[in-house]
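Overview (structure and organization)
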Amino acid sequence: MRKGFGQVASKQAVSTSEARWKQSSISARKIQPIPKRIRYHLAQALAAVGVFLLPLLYISLVGSLFWVLWVYYRYMANLSLEINGIFWVFLYLGPPVTVATLVSFLVYPLFTRDTQHMAQIEVTPDQEPDLYAFVAEISSALGVRMPSVISLTSEVNAFAGPKRGLFSVITGDLRLVIGIPLIANLQVNQFGGVLAHELGHFAQRSGQILVMLTRDVHSWFNRVVTEEDHELERFSKNAATELGIFGIFIRLAMAILVIVRFIFWLFSMVAEAICCFLMRQMEFDADRYEARLIGSHVFSETTREMFRLQVAHEMAVNELGLFMREKRLADDLAGLVHYHRSRMSLDLLAQLDAAYLARETGWLDSHPSTAARIDNVSGEQGQPLLANTQPAHVLLKDYLFRSRQVTTQYYQVTLKDTFDPTLLHSLGELNRARQWEKSSIEALSRFFGGALSLSRGPAPVLEAPETQAAPDTETLRVRAARCRGEFETGLPDYLEASKRHQALFSEKINRLREQVISTSPESTNDQGTLFASPAVADIDRELEREERILESFEKVMTRRISISQAYLEHKDWTPEYGDEAGWPLWAERWATSHALLNRALPHLQNLRMSRALLARLVEASREGEGHADIDRLMAFEKTRLHRHMKHILDPLKGQNLLFDDEESDRDMHDYLLPYVPDTQSALELFHAATTLLEQFHELRGRILGRQCRLMELIEQKMGFTVLERLWTEVEKDLIY
């Protein structure tokens, strides 16, 4: 037996001579069993009573329906036999229809089961000998049975449970599920503490049995309450329509079902509260196993670290959503979690710790509060058995292979048939894209000095006439210097004009919002466009004046891009290192995408106005404001909003996203808005328009930012310095 490892508690664990990891510090001492406290026994007693009493109430309620039916027929038998014809059929057959419908609804959820499965892969002792040996030694130290199966998952969690339902709990055939982000981010002693906590649950067999039974009871009641759109309900609604007068009894049953569901909801909450109370006591005991293995101080730090990793996991999943929009997937989810955890600032960590420690325990919480857990183990001051601070990933033969395998399984379960392995990218590739994104945003700010509104802006490039000779590089430098001078001189006026333009446009929208509810359909043209009032016409004239100021400065912006583009395309320019060779292709692609989006800017402004007017009409309709024909006006505005969305999106169909040096197989239309709803639902149209506006601004900013970053690099090649001026908070408001 290998020195440093305790007695292996399972024949499945590998021999120490085969193990690769050489530094365990678990001593031969055993952790004493945790004595059960009074609250634990009380929780078990409540769970046992609940497991018996709640199903009995369930059965009694169903049985009472048949008893009521029996009493009803006993009463009917004593009535006069003169009742006949259709009325007799109505009285004798109607109640059984009601009772049968109710019983069916109450019994149906018992035959349904949740079909959600966690993405996990099983590993064998031959595949991961060190991991099995490590788990075996902790199991031996705790005096619990070694789990028969170890699985890896992408969650930031670990748990011990039965391999095959309740029978496995009774026989001790248990499974240990480990989140691979824990292996990627924790030290060996912290990871061992987490495993000790989960393996400590193996010593709570009676508690586990009661938890499973109580969970099943809760699930029965919960399915009666929540499963409202299943096949039986749809069948009953159709039957109520088809059966004519007898359909009244089905509708009566469904009305009574509302009351019954409320009663079952109360039963469900009682079962959940009892189960959570028991689980909290089990968590307290498992925490003490963990603290005895690694010490109360390391336990406290590990508990905090688990919460930080959960937040990092949420960040990683959110970023995955952004990557998926570009048809890219990270091939190592645990590595992505590690990336976000490593970038957490000290201030953020302090905020997370404060929020975590401030959390209080609720009636329906399955875990105690952090403060209660730390206080619970404060008395465990003995010498820790495990103090190894190596990274936990040394326990795996090939951590990166396992992490990618688990990540692929996660995608297969969550994305199902839509998962495409060719979309997987390494974290290195995604990190380069992330850095491009960050540098592009900063360049967008620097290049335009904070003066750019993403609803307006420069043309992608000014093309010189074919007959005009290309200027030499020195002439381009002179033009660039003059253009930068005009830019710096005109910037203050442009900023002020941008603020005025934004204020005027907002005022115009507000005027139209008030005008629209007092306008009859006769004061609209054939396309449903409101005829502007004199006040709105005055605002339009002021907007035109401001737009002339903006356009003159935007031409300077465009010349600045055009000069850099011309320098890049000049015959005398040669790349000095590898990446520069791709600059001309990148510039062409980004200019193409920019031009496509620029053509939609007029429709984008109209979309903003139409969206605001539709929102006001919906609000007025709900509150009963305005004239009687407001629904007709709303129909006009829905049609107009739909038309603006189509004008923006249709030209982008089939146009590939051109973010980096590789083309995406997803077009710009799908990226902005995959589906344009019809004109039936005002709310669907409003939400779709909101999404389109947000996505359009984001996409245009990302593409223009890349142009700016490249043009900035070219200006540096021309001998100019980078403008080190970032957007102020005031200037950020100009992005509208």
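Residues numbered from 1 in each chain as written. Predicted model: local features only at pLDDT ≥ 70, side-chain atom pairs only at ≥ 80, totals over all residues. Heavy atoms only, no water.

Time to look at the overall build of the protein chain. Helix and strand counts for the protein chain come out as 23 helices and six strands. Put simply, the protein chain has 736 residues, and 51% of those count as buried. A sequence separation of at least 24 residues applies to 81% of the contacts in the protein chain between residues at least 6 apart. Here the protein chain has roughly 35500 Å² of accessible surface; of this, 57% comes from carbon and sulfur atoms. (Helix = DSSP H or I, 4+ residues; strand = E, 2+ residues; numbered from the N terminus. Buried < 20%, exposed > 50% of the residue type's maximum accessible area, 1.4 Å probe, protein only. Contact = heavy atoms within 4.5 Å. Areas by Shrake-Rupley, 256 points an atom, 1.4 Å probe, with all protein chains shown as cover.)

Attention shifts here to unusual backbone geometry. Within the chain, Lys416 stands out as a residue other than glycine whose phi angle is a positive 55 degrees. When you line up the elements, Lys416 lands in the loop between helix H14 (399–415) and strand E6 (424–425).

Our next topic: helix H10 (residues 296–325). Think of an α-helix as 3.6 residues a turn; residues three or four steps apart then line up on the same face. The end-to-end C-alpha distance of H10 is 44 Å, a good match for the 44 Å that 30 residues give at a rise of 1.5 Å each. Looking at the residues trailing H10, positive phi occurs at Lys327, about 60 degrees. (Expected span 1.5 Å × (residues − 1).)

With that settled, the discussion passes to the pattern of salt bridges. Here the structure, examined in full by the defined rule, presents 30 salt bridges. Residue Arg709 pairs with Glu712 through a salt bridge whose shortest N-O separation is 3.1 Å. Of this pair, Arg709 and Glu712 both sit in helix H22 (residues 682–717), three residues apart, which is roughly one turn of that helix. For Arg709, a relative accessible area of 21% corresponds to the partly exposed category. Of the residues examined, Glu712 reaches a relative accessible area of 3% and is grouped as buried. The structure contains a network of salt bridges with shared partners spanning Glu301, Glu305, Arg308, Arg341 and Asp353. (Salt bridge = Lys/Arg side-chain N within 4 Å of Asp/Glu carboxyl O.)

Here we take up the packing of aromatic side chains. Tallying each qualifying case throughout the model produces seven aromatic pairs. For the ring pair Phe307 and Tyr356, a centre distance of 4.4 Å and an interplane angle of 5 degrees mean the geometry is stacked. Taken together, the residues span a long stretch of sequence, with Phe307 in helix H10 and Tyr356 in helix H12 (residues 346–358) at a distance of 49 residues. Between Tyr410 and Tyr411 the ring centres are 5.6 Å apart and the planes differ by 55 degrees, which places this aromatic pair in the tilted class. Comparing Tyr410 with Tyr411, the two get one shared label, buried. (Phe/Tyr/Trp six-rings, centres within 6.5 Å; stacked < 30°, edge-to-face > 60°.)

The next point concerns the sheet that holds strand E2 (residues 149–153). With mixed pairing, four strands are arranged side by side in an open sheet as E1-E2-E4-E3. This sheet does not close on itself; its edge strands, each paired only once, are strand E1 (120–123) and strand E3 (158–162). Here the average twist between neighbouring strands, direction ignored, is 25 degrees. With five bridges joining them, E3 and strand E4 (residues 174–179) adopt antiparallel strand pairing. Each bridged residue has a counterpart across the sheet, and for Ala160 the counterpart in E4 is Leu176. Across the sheet, H14 lies against E1 and E2, angled at about 140 degrees from E1, the strand it touches most. (Pairing = 2+ DSSP bridges. Axes fitted to C-alpha atoms, helices over the stretch in contact; angles between N-to-C directions.)

Looking at the secondary structure, you find His201 in the loop between helix H6 (188–200) and helix H7 (205–226). For the pair His201 and Asp285, spaced 84 residues apart in the sequence, the C-alpha separation amounts to 8.3 Å. Beyond its immediate stretch of four places on either side in the chain, His201 contacts Gln208, Met282, Glu283 and Ala286.

Turning next to the side chain of Arg304. With respect to the helices, strands and loops of the structure, Arg304 is situated in helix H10. Here Arg304 occupies a buried position and makes no salt bridge, while the nearest side chain of opposite charge, Asp353, is found at 4.5 Å. Only 2.4 Å separates the side chain of Arg304 from the side chain of Ser300, close enough to count as a polar contact. When sequence neighbours within four positions are dropped, the list of residues in contact with Arg304 reads Asp353, Tyr356, Leu357 and Ile374. (Lys, Arg positive; Asp, Glu negative; His and termini not counted. Polar contact = N/O pair within 3.5 Å; in protein donor to acceptor, adjacent residues only side chain to side chain.)

What follows deals with the packing of helix H16 (residues 473–516) against helix H17 (residues 534–569). Contact geometry of H16 with H17 gives a least axis separation of 6 Å together with a crossing angle of 155 degrees. The angle between H16 and H17 places the two elements in the roughly antiparallel class. In this structure, H16 crosses over H17, and the sense of that crossing is left-handed. Residues belonging to the contact of H16 with H17 are distributed by class as follows: 22 nonpolar, five polar and 15 charged. (Parallel < 35°, antiparallel > 145°, perpendicular 65-115°, else oblique. Left-handed = near helix turned anticlockwise from the far one by under 90°. Nonpolar A, V, L, I, M, F, W, Y, C, P; charged D, E, K, R; others polar.)

As a further point, take a nonpolar patch on the surface. On the surface, a cluster of nonpolar side chains totalling about 450 Å² of accessible area is made up of Val49, Phe52, Leu53, Leu56 and Leu57. Within the secondary structure layout, Phe52 lies in helix H1 (residues 38–77). Residue classification places Phe52 among the exposed positions, given a relative accessible area of 58%. (Patch = residues over 30% accessible without salt bridge, like charges linked within 9 Å, V, L, I, M, F, W, Y side chains within 5 Å.)

This part covers H14. In this model, H14 (17 residues) spans 24 Å end to end at C-alpha, consistent with the 24 Å of a helix rising 1.5 Å per residue. By the burial criterion, the buried members of H14 are Tyr399, Arg402, Ser403, Val406, Thr407, Tyr410 and Tyr411. One or two steps after H14, the chain reaches Lys416, where phi turns positive at roughly 55 degrees.

Turning our attention to the packing of helix H11 (residues 333–342) against H14. Running from N to C, H11 and H14 cross one another at 105 degrees; their axes reach a closest spacing of 7 Å. Relative to H14, the element H11 is oriented roughly perpendicular. For the pair H11 and H14, contact is made by Leu333, Ala334 and Gly335 and by Tyr399, Ser403, Thr407 and Tyr410, respectively. Looking at the contact of H11 with H14 residue by residue, the classes come out as four nonpolar, three polar and no charged.

Only one face of E1 is covered, namely the one carrying Ile121 and Val123; the face carrying Gln120 and Glu122 has none of its residues buried. Where E1 lies against E2, four bridges are found, and the strand directions are antiparallel. From the neighbouring strand, Gln120 faces E2, where its bridge partner is Thr153.

What follows covers the environment of Phe249. As for its position among the elements, Phe249 is in helix H9 (residues 247–294). Overall, the relative accessible area of 11% leaves Phe249 in the buried class.

Moving on, we get to the confidence of the model for the protein chain. Per-residue confidence for the protein chain gives a mean pLDDT of 78; residues scoring 70 or more make up 78%. The lowest-confidence element of the protein chain is helix H23 (residues 729–732), averaging 40 in pLDDT; the highest-confidence one is helix H5 (residues 180–185), averaging 94. The low-confidence segment residues 525–529, where pLDDT is below 50, has ten contacts with residues more than four positions distant or belonging to other chains. (pLDDT = per-residue confidence, 0-100.)

In the structure shown here, the tally under the stated rule is zero disulfides. Free cysteine: Cys276, not disulfide-bonded; nearest cysteine sulfur from Cys275 at 5.6 Å. (Disulfide = S-S within 2.5 Å.)

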